[in-house]
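# A closer look at the structure
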Amino acid sequence: MRVSFLVPAYNEAATIGEVLDRIAALELESQVIVVDDGSSDDTAAIAESKGALVIRQENRGKGAAIRAAIPHADGEIAVIQDADMEYDPAEVPALIEPIERGVADVVYGSRLAGGRPQRAYLFWHLVGNRFLSLVTGVLFNTTLSDMETGYKAFRIEVLRSLDLRQDDFAIEPEITGKICKLGVRVYELPIAYYGRTYAEGKKITWRDGFKALRVLFAVRFLE
Ligand SMILES: Nc1nc2c(ncn2[C@@H]2O[C@H](COP(=O)(O)OP(=O)(O)OP(=O)(O)O)[C@@H](O)[C@H]2O)c(=O)[nH]1
Ligand SMILES: [Mg+2]
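Residues numbered from 1 in each chain as written. Chains lettered and ligands numbered in written order. Predicted model: local features only at pLDDT ≥ 70, side-chain atom pairs only at ≥ 80, totals over all residues. Heavy atoms only, no water.

## What to know about the site of ligand 1
As a matter of local geometry, ligand 1 sits amid 23 residues, with Glu-12, Asp-82, Asp-84, Glu-86 and Ile-204 nearest to it. Backbone polar atom of Pro-8 to an oxygen atom of ligand 1: 2.8 Å apart, as the coordinates give it. Between Gly-61 and ligand 1, the recorded distance is 3.3 Å, taken from a backbone N or O atom to an oxygen atom. Protein contact buries 97% of the 630 Å² of open area that ligand 1 shows by itself. For ligand 1, the cavity whose grid points lie within 2 Å of the majority of its atoms is the largest pocket. Its residues assigned to classes, the shell around ligand 1 comprises 10 nonpolar, two polar and 11 charged. (Near = heavy atom within 4 Å. Polar contact = N/O pair within 3.5 Å; in protein donor to acceptor, adjacent residues only side chain to side chain. Areas by Shrake-Rupley, 256 points an atom, 1.4 Å probe, with all protein chains shown as cover. 1 Å grid on protein atoms, 1.4 Å probe; cavity = no way out; pocket = protein on both sides within 12 Å on 5 of 7 lines; lining within 4 Å. Sits in = over half its atoms within 2 Å of the grid points. Nonpolar A, V, L, I, M, F, W, Y, C, P; charged D, E, K, R; others polar.)

## Focus on the coordination of the magnesium ion (ligand 2)
Looking at the magnesium ion (ligand 2), one finds its protein donor set to be Asp-84 (OD) and Glu-86 (OE), positioned 2.1 Å from the metal centre. Glu-86 gets classed as buried once you look at its relative accessible area, which sits at 3%. (Donors = N, O, S within 2.8 Å, 3.2 Å for Na, K, Ca; no water. Buried < 20%, exposed > 50% of the residue type's maximum accessible area, 1.4 Å probe, protein only.)

## Overview of the packing of aromatic side chains
Scanning the model with the defined rule gives five aromatic pairs in all. Look at Tyr-87 and Tyr-193: their rings are 5.2 Å apart centre to centre, the planes differ by 55°, and that puts the pair in the tilted class. Of this pair, Tyr-87 sits in the loop between β4 (77–80) and α4 (92–101) while Tyr-193 sits in the loop between β7 (186–190) and α8 (206–221), and the two are 106 residues apart along the sequence. The class of Tyr-87 is buried, set by a relative accessible area of 3%. Taken together, a centroid distance of 5.8 Å and an interplanar angle of 90° make the contact between Trp-206 and Phe-210 edge-to-face. Within this pair, Trp-206 and its partner Phe-210 are both found in helix α8, separated by four residues, close to a single helical turn. For the pair formed by Trp-206 and Phe-210, the shared burial category is exposed. Here the aromatic cluster, defined as three or more aromatic residues joined through ring pairs, consists of Tyr-87, Tyr-151 and Tyr-193. One Lys or Arg, Arg-111, reaches over the ring of Tyr-193 and ends 4.8 Å from the middle of that ring. In this structure, Arg-119 packs its charged tip against the face of Tyr-121, placed 5.0 Å from the ring centre. (Phe/Tyr/Trp six-rings, centres within 6.5 Å; stacked < 30°, edge-to-face > 60°. Helix = DSSP H or I, 4+ residues; strand = E, 2+ residues; numbered from the N terminus. Lys NZ or Arg CZ within 6 Å of the ring centre and 35° of its normal.)

## Thoughts on the nonpolar core
Counting residues in hydrophobic clusters, the biggest one holds 31 residues, and the most contacted among them are Phe-5, Ile-16, Leu-20, Val-32, Val-34 and Val-79. Excluding anything up to four places from it in sequence, Ile-16 contacts Val-7, Ala-9, Val-34, Thr-43, Ile-46, Ala-47 and Ala-83. Counting 24 residues, the second largest nonpolar core, distinct from the first, contains Ile-55, Leu-162, Ile-171 and Ile-179. (Core = buried A, V, L, I, M, F, W, Y, C linked by side-chain atoms within 4.5 Å. Contact = heavy atoms within 4.5 Å.)

Geometric descriptors of this kind do not, in isolation, establish any biological role.
In structure tokens form, the structure reads like this:
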């Protein structure tokens, strides 16, 4: 099945090239859509030199970037791929296998399921991610262990049907809440996480954690 990689990228010149090389090295029929909204470095130029379709817009955050990529996707499967090498494209064939097999509509790569390399760092992020996934479980009666994960794969029709509205990192709880509400078949599998520090360019903060809670409740009770 053809795979569309949706790559939000903001000032990721240090890593975008390696990410795209690793995608190209996969034995997958694929398309790469990079959304660079106002990077001050060479992110867009590097992506273009590697043959990616590059979309430029005003800076509005990761969620806006993902939403801008969706209309350009022509694959049967869409995979959200961060540009910072925290998630290794080599894991994508395993990630999409449940969709290709025909049992899943959505697959999450979990950093919290164990069994794959995880950088030991940022204790409070771990607590926050576990807590947000616990709340997700309570609100939506799901066993998903890592709802904030960057690795999410979808049958393209499912992603298109979600009516996403969040611009920033709140896109993750919005996607999660909406797929749980839809009642589609969701799977997860363990993935590695090569986490980076804020000094290395990480952008998500504790404020995004609080907003994630608000969005989970809003999707559950107000929509
Ligand atoms: N286009 C675009 N991409 C963004 C923006 N903010 C973050 N991203 C991208 O979204 C991805 C994740 O951002 P990170 O800063 O690595 O966030 P994180 O703390 O690792 O959080 P995760 O989303 O869980 O990976 C990276 O590829 C970023 O370049 C933005 O404003 N615009
Ligand atoms: Mg990251």
